[in-house]
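Examination of the molecular architecture
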Amino acid sequence: MSRGTRELEPKLISVLREGYTLSDFGRDGLAGLVVGIVALPLAIAFAIASGVRPEQGLYTAIIAGFIISAFGGSRTQIGGPTGAFVIIIAGVVDQFGYSGLAVATMMAGVMLIVMGVARLGAVIRYIPYPVTVGFTSGIALIIALGQVRDALGLQMEKVPPDSLEKIEAYLEHIGSISPLAVVLAVATIAIIQLWPMVTKRIPGPLVALIATTLAVYVFDLPVETIGGRFGEVPNTLPKPALPEFEWSMFSELASPAIAIALLAGIESLLSAMVADGMTGGRHRSNTELIAQGIANIASPLFGGIPATGAIARTATNIRNGGRTPISGIVHAITLLIILLAAGPLAELIPMATLAGILLVVAYNMSEWHNFVRLLSGPRSDVLVLMATFLLTVFVDLTVALQVGVVLASLMLMHRLAEVTEVKAMEDLLLYDKNGEPQPETETAPEGVEVYEINGSLCFGAASKFMEISSTLQSSRKVVILRMRQVVAIDATGLQAVETVHARLKREGAVLLISGIRAQPREAMERNGLLKRIGAENVHPVFPEALAHARRLVGAAPASEQT
């Protein structure tokens, strides 16, 4: 099998080829069982927070979770609905209904497959860290805001989608607060936080879910439950069916589809990298993107919602012994069995309990410690962080991602421009062919000017180089451009060099280049710039370029000078 083909091979196939034993299955089976139990309340809670029915979260965890493990590029990735999608899903459902969400999710799935086939897995990982922290913290705050109604038991028909409108609506209905709902939410949070002190083998969210649900059922407490809000919860998987759509929807859903694809790609690869750090493995990013794409195409066929790799559930899988994709498959089968055997029991779960679970999830995903640490960093990073965070909370996640990435790129260009130097050289430090400096220096002959560039000659930094055109002396006949410290050049840098060369050529002067490195040379060759400058005017080392310049101006060689 070729290397390119192996890079797109699912990890499950690699594991089975290497040999899979009964003891391996025992370890993976136990981990998958635990993760399936952990995923149960989260899948339901994320679905409700997203504005869809509770069982749709289970459908997603079952279908998408199975596919992501079976076809993915990580040995331990657990897929399913996550908090990152809540804001996007709620917005699309509110505007287009579930059918619009289904179409947008399938469009995102196609985009993810294309990104994987195009080998863009490594590119997505270059999303700037302040952008990631900014939108993650923003999503966490939005999730927390969305749980206030159920955590306080407020009597409201509907929660507005806008964050400021949410706060205003909560204040208007604060008089309808339910003390019982508050007690249940606080009890849920307390159990989740304190239960690990008892044992880590049984997940705290499950204990909180069972304990509070039993309390409400046994004592017939007057609080809202899933059944009270959504009615009957089915105990079967729906038959696959294409969502209803109109062709005009595609253009309107393009923006949310792109946001879903980017979020799914970013979070799944972040989760896979976290898993690599815990296990010492190495995931296949492009294979993972393809699996995420297939999962997001299949999930809506069964009434599901967008899915991606879940960092917390993946970490739980690893901590409980999961080491191959089999554990993720067992996790999906566990959820399927729970749905078939006990689906209607989900109707008894109090809404305040799910609110408490999601408040803990929001706190854990907020990365507040990283957020605070970034605030003490460079001002440019603080600007990117706050812009992404505020736009996520108060405007739109898609806008936040776009502005954050563009702003971070502009800041990077600014930093590159600051560290790039373009300077004229009077005392010339010579270098031999091995790059070692020679002990003596000398002065350029009359009519020869030498300039050196230190740094990347890219967009943002090229303006400094353009200053050469305005500082060139009218009496010069030769200009030597030393590029030994230029590690990269882009189209803007190429145009800057082209401009200087064209001006010198019009004035009858010659441009010489020395010490050009691999990337700039390749770029200049493909652009045709080296051909226009002339191969005879491009030298590997500066001493050769200086000797050529002496011949052009008719100066005596340095060895003959006294």
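Right, let's walk through the structure included here. Treat the numbers as computed from the prediction; the structure is a model and nothing was measured.

What about the pairing of strand 7 (residues 478-485)?
- Burial analysis of strand 7 places six of its eight residues in the buried class, the great majority of the element.
- As judged from the six bridges shared by strand 6 (residues 448-454) and strand 7, these two strands associate in the parallel manner. Across the sheet, residue V450 finds its bridge partner in strand 7, namely I480.
- The sheet contact formed by strand 7 and strand 8 (residues 510-514) spans five bridges and is parallel. Its bridge partner lying in strand 8, V478 is registered against V510.
- Crossover strand 7 to strand 8 through helix 22 (residues 491-506) is right-handed.

So, the nonpolar core
- Residues I44, I88, F135, I139, I226, L354 and L397 are the most contacted members of the largest nonpolar core, which totals 83 residues.
- Top element by residues in this core is helix 5 (residues 86-117). It accounts for 13 residues.
- Each residue touching I44, except ones within four places of it in the same chain, is listed here: P54, L58, I226, A346, I349 and L354.
- If you look at the next biggest cluster of nonpolar residues, it comprises 24 residues, including V500, L504, I516 and M524.

Quick look at the packing of aromatic side chains
- By the definition in use, this model includes two aromatic pairs.
- Ring centres of W247 and F250 lie 5.3 Å apart, and the angle between their planes is 25°; this geometry places the pair in the stacked category.
- Here the aromatic rings of F371 and F389 are separated by 5.2 Å at their centres, their planes lie at 65°, and the arrangement is edge-to-face. You can see F371 sitting in helix 18 (residues 368-375) and its partner F389 sitting in helix 19 (residues 379-394), a full 18 residues away along the chain.
- A relative accessible area of 13% places F371 in the buried class.

Side note on helix 25 (residues 542-553)
- With twelve residues, helix 25 should reach 16 Å at 1.5 Å per residue; the first-to-last C-alpha distance of 17 Å fits that figure.
- Listing the buried residues of helix 25 in full gives F542, A545, L546, H548, A549, R550 and V553.
- With its phi angle positive at about 75°, G554 sits one or two positions after the end of helix 25.

Topic: the packing of helix 3 (residues 22-49) against helix 4 (residues 54-71)
- Where helix 3 contacts helix 4, the axes come no closer than 7 Å and their chain directions differ by 125°. Judged on the interaxial angle alone, helix 4 and helix 3 are oblique. Both helix 3 and helix 4 take part in a crossing whose hand is right-handed. Residues L40, A43, I44, A47 and I48 of helix 3 pack against P54, Q56, G57, L58 and A61 of helix 4.
- Among the residues forming the contact of helix 3 with helix 4, the class breakdown is eight nonpolar, two polar and no charged.

Let's talk about helix 10 (residues 179-194)
- Between the first and last C-alpha of helix 10 there are 22 Å, a value that for 16 residues agrees with the 22 Å anticipated at 1.5 Å per step.
- Looking only at helix 10, the buried set comprises A181, L184, A185, T188 and I192. Seen end-on, helix 10 carries its buried residues on one side only, within an arc spanning 95°. Set apart from the buried face of helix 10 by more than 90 degrees, the exposed residues are P179, V183 and L194.

Some points on the pattern of salt bridges
- Applying the stated rule across the entire model yields 13 salt bridges.
- D94 serves as the salt-bridge partner of K158, at 3.0 Å between the closest nitrogen and oxygen. Of the two residues, K158 sits in the loop between helix 8 (148-152) and helix 9 (163-172) while D94 sits in helix 5, which places them 64 residues apart along the sequence.
- Among the residues examined, K158 registers a relative accessible area of 58% and is labelled exposed.
- By relative accessible area, which is 43% here, D94 ends up partly exposed.

Some remarks on the packing of helix 7 (residues 129-146) against helix 18
- The interhelical angle for the contact between helix 7 and helix 18, taken along N-to-C directions, is 130°, at an axis separation of 10 Å. With respect to each other, helix 7 and helix 18 are oriented oblique. Note on packing geometry: the crossing formed by helix 7 with helix 18 is left-handed. Between helix 7 and helix 18, the residues in contact are Y129, P130, V133 and S137 and N370, F371, R373 and L374, respectively.

Reading guide: rules and limits
Note that residues are indexed from 1 along each chain, following the sequence as it is written. Under the rules for a predicted model, residues below a pLDDT of 70 receive no local features and side-chain atom pairs below 80 are neither given nor counted, while totals for whole chains, interfaces and linings still include all residues. Neither water nor hydrogens contribute to the side-chain values; these are computed over all heavy atoms in the structure. When accessible area is computed with a 1.4 Å probe and restricted to protein chains, residues below 20% of their type maximum are described as buried, those above 50% as exposed, and intermediate ones as partly exposed. Think of it this way: any DSSP run of H or I at least four residues long counts as a helix, any run of E at least two long counts as a strand, and we number them from the N terminus. Between any two strands, at least two bridges found by DSSP are needed for them to pair. If you view a crossover with the strands going away from you and the path from the first strand over the helix to the second runs clockwise, you call it right-handed. Here, nonpolar core means buried Ala, Val, Leu, Ile, Met, Phe, Trp, Tyr and Cys residues that are tied together by side-chain atoms lying within 4.5 Å of each other. The contact criterion used throughout is that any non-hydrogen atoms of two residues lie within 4.5 Å. Aromatic rings from Phe, Tyr and Trp, with only the six-membered ring used for Trp, were paired whenever their centres fell within 6.5 Å, and each pair was classed as stacked if the ring planes differed by under 30 degrees, edge-to-face if by over 60, and tilted otherwise. Expected span of a helix, by definition, is 1.5 Å for each gap between consecutive residues, and there is one gap fewer than residues. Between the N-to-C directions of two axes lies an angle of 0 to 180 degrees, each axis being a line fitted to C-alpha atoms and, for a helix, fitted only over the stretch in contact. When an angle is under 35 degrees it counts as roughly parallel; over 145 it counts as roughly antiparallel; between 65 and 115 it counts as roughly perpendicular; any other value is oblique. Each crossing is labelled by how the near helix is turned from the far one, with a counterclockwise turn of less than a right angle marking it left-handed and a clockwise turn marking it right-handed. Under the convention adopted here, Pro, Cys and the residues Ala, Val, Leu, Ile, Met, Phe, Trp and Tyr are nonpolar, Asp, Glu, Lys and Arg are charged, and Gly plus all remaining residues are polar. This arc is taken over the directions from the axis of the helix to the C-beta atoms. For this analysis, a salt bridge means a side-chain nitrogen from Lys or Arg found within 4 Å of a carboxyl oxygen belonging to Asp or Glu.

Purely geometric numbers; function is a separate question.
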